[in-house]
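# Tertiary structure, described
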Amino acid sequence: MTTPTSTPTSSAEPLALSFRDVTVHLPRANDELQILHGVSFEVPAGQVVALAGESGSGKSTAMLGAMRLLPWGARIGGSIIAGDKDVAQMTKAELREFRSRKARVILQDPWSSLHPMHSIGSQLIESARSGDPKLSKADARVLAAETLARVGIPDAESRLKSYPHQMSGGQLQRVVIAMALVAKPSLLLCDEPTTALDVTTQAQILELLRELNREMGLTIIIATHDLDVIAGIADRLVVMYAGAVVEQGPVAEVMSNPQHPYTWALLQTAPEHNSGARLRTIEGRPPALDKLPAGCSFAPRCDFAADECRTHRPQLTALDPTGDRMTACLRVQDAHTVADPFDTDPILEASAQR
Ligand SMILES: Nc1ncnc2c1ncn2[C@@H]1O[C@H](COP(=O)(O)OP(=O)(O)OP(=O)(O)O)[C@@H](O)[C@H]1O
Ligand SMILES: [Mg+2]
């Protein structure tokens, strides 16, 4: 009987990830659809970065692009630098090594990562040995039990014999996290890892990810709709809109002092952040990706849009000399126009005028 002992530690150094002007085109029947329109953001090694934005903004495409797991025929442009390698340029052999030993993905639905007919233990052992082919089956089993205990599965040793259908959704997502961890990756990409779970379990899983980040120095990216849950978990926040990044920076700074009107609007849709006022929705819909407006993609929904916003596409620009905070808004350059909008409540004002 194996007693879960210590925390399974990551063997590798945490990995930094850098998206540089990344484009993704997906094939259609007669042409291609551009999904990502020059996505740039930084994921410093050992940090937790949240990727937020409405449905369809391109979060999953960015995550899957970083693993080169996009549908057949997809074209990636720009570069996705992981450590010192460009994922966009990796050979098949390099990709295999990257996916088995360096980076792992956790998807929204735990079932998509598990085989229903194989025991939890055999799947964990297989994953551990894909991360380290020299690991004996016995050692992989010990690691599997330790890791299962670490992610909060009680009686881990005997649960190795369980099958996925014998576990709850929350437990399954913990198993999927354990499957990633046993391979000792340096980078964990989590695509809405808690959306399918109840609120209490969501918070527990996110807290677990944060603990693993601290203990193992793992770099973690979490794509989410839900800004509230991310506030206490992430170090940095990247906000996407219509296939591009509109703002990024340290989470507390972006949330307390958003510089892009879309970030501001998105925060107003988050119950906790919205300090008791009635919950708002952002008026209108994001543009179709094959019919993006000539200027800023958010301009048609933006209360602060000026004429130039409808004709000029804003570039992601540093707000400080370090480049730690960046935003893509033409009006942010004008201190006078920026100071006012964020002190007022344009949505309530607009509805009062109606
Ligand atoms: N395989 C595909 N074929 C065609 N279009 C696709 C495909 N995958 C994604 N898209 C389109 O790309 C855009 C971005 O999708 P993506 O799934 O990356 O967004 P998301 O931000 O993850 O959204 P959600 O929050 O709903 O998960 C959407 O308009 C979507 O319809
Ligand atoms: Mg998605």
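Residues numbered from 1 in each chain as written. Chains lettered and ligands numbered in written order. Predicted model: local features only at pLDDT ≥ 70, side-chain atom pairs only at ≥ 80, totals over all residues. Heavy atoms only, no water.

To continue, consider the overall build of the chain. Assigned secondary structure in the chain consists of 13 helices and 12 strands. Out of the 354 residues in the chain, the part that is buried amounts to 51%. Taking the intrachain contacts of the chain between residues at least 6 apart in sequence as the baseline, contacts between residues at least 24 apart amount to 66%. Put simply, the chain shows about 16,300 Å² of open surface, and 52% of that area lies on carbon and sulfur atoms. (Helix = DSSP H or I, 4+ residues; strand = E, 2+ residues; numbered from the N terminus. Buried < 20%, exposed > 50% of the residue type's maximum accessible area, 1.4 Å probe, protein only. Contact = heavy atoms within 4.5 Å. Areas by Shrake-Rupley, 256 points an atom, 1.4 Å probe, with all protein chains shown as cover.)

In this section: the pattern of salt bridges. Inspection of every chain in the model, using the stated rule, returns 11 salt bridges. Between Glu-211 and Arg-150 there is a salt bridge, with its nearest N and O atoms 2.9 Å apart. Remark: Arg-150 occurs in helix α4 (residues 137-150) and Glu-211 occurs in helix α7 (residues 199-216); sequence separation between them is 61 residues. With a relative accessible area of 17%, Arg-150 lands in the buried category. Here Glu-247 makes a salt bridge to Arg-325, at a shortest N to O gap of 2.4 Å. Residue Glu-247 is found in strand β10 (residues 244-250), and its partner Arg-325 is found in the loop between β11 (317-318) and β12 (326-327); the two are separated by 78 residues along the sequence. In this pair, the class of Glu-247 matches that of Arg-325, namely buried. Several salt bridges share partner residues, and in doing so they unite Arg-28, Asp-31 and Asp-290 into one network. (Salt bridge = Lys/Arg side-chain N within 4 Å of Asp/Glu carboxyl O.)

Near ligand 1 lie 14 residues; those nearest to it are Ser-55, Gly-56, Lys-59, Ser-60 and Thr-61. In the environment of ligand 1, an oxygen atom lies 2.8 Å from a nitrogen or oxygen atom belonging to the backbone of Gly-56. Separating an oxygen atom of ligand 1 from a side-chain N or O atom of Glu-192 is a distance of 3.2 Å. Out of a free accessible area of 630 Å², ligand 1 has 61% covered by protein chains. Element by element, the count of residues in the shell around ligand 1 is highest for helix α1 (residues 59-66), at 3 residues. Along the lines of polarity and charge, the residues of the shell around ligand 1 split into 4 nonpolar, 7 polar and 3 charged. (Near = heavy atom within 4 Å. Polar contact = N/O pair within 3.5 Å; in protein donor to acceptor, adjacent residues only side chain to side chain. Nonpolar A, V, L, I, M, F, W, Y, C, P; charged D, E, K, R; others polar.)

What follows deals with helix α6 (residues 169-181). Compared with an ideal rise of 1.5 Å per residue, which puts 13 residues at 18 Å, α6 spans 18 Å between its outermost C-alpha atoms and is within 8% of the ideal. Across the 13 residues of α6, 11 count as buried, placing the element largely inside the fold. Among the residues making up α6, those that are buried are Gly-170, Leu-172, Gln-173, Arg-174, Val-175, Val-176, Ile-177, Ala-178, Met-179, Ala-180 and Leu-181. (Expected span 1.5 Å × (residues − 1).)

Here we take up the sheet that holds strand β2 (residues 32-43). Across the sheet, which stays open at both edges, the 4 strands sit in the order β2-β1-β4-β5 with antiparallel pairing between neighbours. Strand pairing shows two members of the sheet lacking a second neighbour, β2 and β5 (85-86), which therefore form its edges. Looking at chain direction, strand β1 (residues 17-27) and strand β4 (residues 75-82) are connected through 7 bridges and run antiparallel. Looking at β4, one finds that Thr-23 is bridged to Gly-77. (Pairing = 2+ DSSP bridges.)

Despite not being glycine, Arg-68 has its phi angle at roughly 55°, a positive value. You can see Arg-68 is positioned in the loop between α1 and β4. The backbone phi angle of Lys-184 is positive, close to 50°, even though this residue is not glycine.

The subject of this paragraph is the sheet that holds β12. In space, the 8 strands of this open sheet follow the order β6-β7-β8-β3-β9-β10-β12-β11, with mixed pairing throughout. For this open sheet the edge positions go to β6 (103-106) and β11, each flanked by a neighbour on one side alone. Contacts from α7 reach β3 (48-52), β7 (187-191) and β8 (219-224) within the one sheet, and its direction differs from that of β8 by about 160°. (Axes fitted to C-alpha atoms, helices over the stretch in contact; angles between N-to-C directions.)

On to the confidence of the model for the chain. Where the model shows low pLDDT, its predicted coordinates should not be examined in detail. Counting all residues, the mean pLDDT for the chain is 87, and 88% of those residues have values of 70 or more. Note on residues 1-7: pLDDT is under 50 here. Beyond four places in sequence and across chains, it has 9 contacts. For the stretch residues 335-354, pLDDT sits under 50, and the model shows 25 contacts to residues farther than four places along the chain or on other chains. (pLDDT = per-residue confidence, 0-100.)

On to the packing of α6 against α7. For any two helices packed against each other, one specifies the inter-axial angle together with the distance between the axes. Axis separation between α6 and α7 bottoms out at 10 Å; the angle between their running directions is 20°. Of the possible angle classes, the one that applies to α6 and α7 is roughly parallel. Here α6 and α7 pass one another in a crossing that is right-handed. Of the residues in α7, those in contact with Gly-170, Gln-173, Arg-174, Ile-177 and Leu-181 of α6 are Thr-201, Gln-204, Ile-205, Leu-208, Leu-209, Leu-212 and Met-216. Classifying every residue of the contact of α6 with α7 by side-chain character gives 7 nonpolar, 4 polar and 1 charged. (Parallel < 35°, antiparallel > 145°, perpendicular 65-115°, else oblique. Left-handed = near helix turned anticlockwise from the far one by under 90°.)

Here we take up the nonpolar core. As a rule of thumb, soluble globular proteins bury nonpolar side chains together. Core analysis: the biggest nonpolar cluster contains 67 residues, and Leu-124, Leu-148, Ile-177, Ile-222, Leu-227 and Leu-237 have the highest contact counts within it. Per-element accounting of this core gives the leading share, 8 residues, to α6. Among all residues touching Ile-177, those that are not within four sequence positions of it are Ile-106, Val-151, Ile-205, Leu-208, Leu-209 and Leu-212. Judged by nonpolar contacts, the second largest core, of 34 residues, contains Ala-66, Ala-82, Ala-103 and Ile-221. (Core = buried A, V, L, I, M, F, W, Y, C linked by side-chain atoms within 4.5 Å.)

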